[in-house]
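Remarks on the overall topology
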Amino acid sequence: MKLLLPPDRPADIQAPLPQAAASSPGTETQIWLIRHAEVAEEFHGLAYGSADVPLSERGMEQSRAVACSFEGSRVARIYASPSQRTQAMAKLLESSTGAPLTTLEGLKELDRGAWQGGTREDFRSRWHADAESWWRDPWNWRPTEGECDAELFARAWPALERATQEAPGSTCVICTHANTIRALLTGALGLPSIDGYELATDPAHANLLVDIGGSWELRERNRPPGAAT
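Read on for an overview of the structure. Bear in mind the structure is a predicted one, so any value in this text is a computation, not a measurement.

Within the protein chain, the secondary structure is distributed over 7 helices and 6 strands. When the elements of the protein chain are put in sequence order from the N terminus, they spell out β-α-β-α-β-α-α-α-β-α-α-β-β. Its C-alpha radius of gyration of 17 Å places the protein chain within 12% of the 17 Å reference for a compact globule of 229 residues. Overall, the protein chain is about 55 × 45 × 25 Å in size when its C-alpha atoms are taken along their principal axes. Looking at the protein chain as a whole, 53% of its 229 residues qualify as buried. Of the roughly 9900 Å² of accessible surface on the protein chain, 47% is carried by carbon and sulfur atoms.

This is the structure in structure tokens:
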């Protein structure tokens, strides 16, 4: 399922400037950010956000394929959202790699607040109707009673910091969600908020961030982790 895209920019509002990139300690730690697999069909048209929805049968097959692709790899740590759709993949990875699994609340998907649970089209319509507010400060814009990207990044980022502290110089895996990955990549690379939407991650696909010292480098983007090492 693709990310919902932001509204077009109103003519009288400038595009957001790049933000400061998150610093890195220079440990050469490699971190795979993997999106959960396909969810059950009845949720495909919904803006389910942080709700705990199950995988489809195909999603379970995709999760097993991801775990098999890491079998024999030197994975030091696995971190995962508590949602069942991410836990399925994370537990399979734990079995295939022998790496310990840590569940972190901060890795949950974006909370869409009062707009969560409706159709994706309804969410898109409400969001686009508020185009002027979003474009004035997209990193801090939020749906009614929901989270903004700044809050999502702030609660998810400690997982990457933890990986560099617990397994410096090693390979770690983070099983999480589409918007969580988008926010992490946007903040890690210091991109304008709008550019983060170009870094969409497909179900059961991965991005590789590397801590190169003072900054983060994106070495792989939205790829099936079939040759992960």
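Taken together, 6 strands build an open sheet; the order of strands is 3-2-4-1-5-6 and the sheet is mixed. Only two strands of the sheet have a single neighbouring strand rather than two, namely strand 3 (101–103) and strand 6 (216–223). Sheet twist, expressed as the average angle between the axes of neighbouring strands with direction ignored, equals 20°. As paired elements, strand 2 (residues 75–80) and strand 4 (residues 171–176) share 5 bridges and run parallel to each other.

A separate point is the packing of aromatic side chains. With the rule as written, the count across this model stands at 13 aromatic pairs. Relative to Trp134, the ring of Trp127 lies with its centre 6.0 Å away and its plane at 70°, an arrangement referred to as edge-to-face. Between Trp157 and Trp216, the aromatic rings sit 5.5 Å apart at their centres with planes inclined by 80°, giving edge-to-face as the arrangement. Taken together, the residues span a long stretch of sequence, with Trp157 in helix 5 (residues 149–166) and Trp216 in strand 6 at a distance of 59 residues. Considered together, Trp157 and Trp216 belong to a single accessibility category, that of buried residues. Taken together, the ring pairs in this structure connect Trp115, Phe123, Trp127, Trp134, Trp135, Trp141 and Tyr197 into an aromatic cluster.

Quick look at the nonpolar core now. The tendency in soluble globular proteins is for nonpolar side chains to be buried side by side. Among the nonpolar cores identified, the biggest contains 29 residues, and Leu33, Trp157, Leu160 and Ile174 are the most heavily contacted of them. Looking at this core, the elements that each hand over two or more residues are strand 1 (30–35), strand 2, helix 5, strand 4 and helix 6 (178–189). By residue number, the principal contributor to this core is helix 5, which donates 8 residues. For Leu160, the residues in contact, after removing those within four places along its chain, are Ile31, Leu33, Ile174, Leu184, Leu209 and Trp216. Listed in part, the 21 residues of the second largest apolar core include Ala37, Met89, Ala204 and Ala206.

Each value, and the rule that gives it
- Residues numbered from 1 in each chain as written.
- Predicted model: local features only at pLDDT ≥ 70, side-chain atom pairs only at ≥ 80, totals over all residues.
- Heavy atoms only, no water.
- Helix = DSSP H or I, 4+ residues; strand = E, 2+ residues; numbered from the N terminus.
- Rg over C-alpha atoms; globule rule 2.2 N^0.38 Å.
- Buried < 20%, exposed > 50% of the residue type's maximum accessible area, 1.4 Å probe, protein only.
- Areas by Shrake-Rupley, 256 points an atom, 1.4 Å probe, with all protein chains shown as cover.
- Pairing = 2+ DSSP bridges.
- Axes fitted to C-alpha atoms, helices over the stretch in contact; angles between N-to-C directions.
- Phe/Tyr/Trp six-rings, centres within 6.5 Å; stacked < 30°, edge-to-face > 60°.
- Core = buried A, V, L, I, M, F, W, Y, C linked by side-chain atoms within 4.5 Å.
- Contact = heavy atoms within 4.5 Å.

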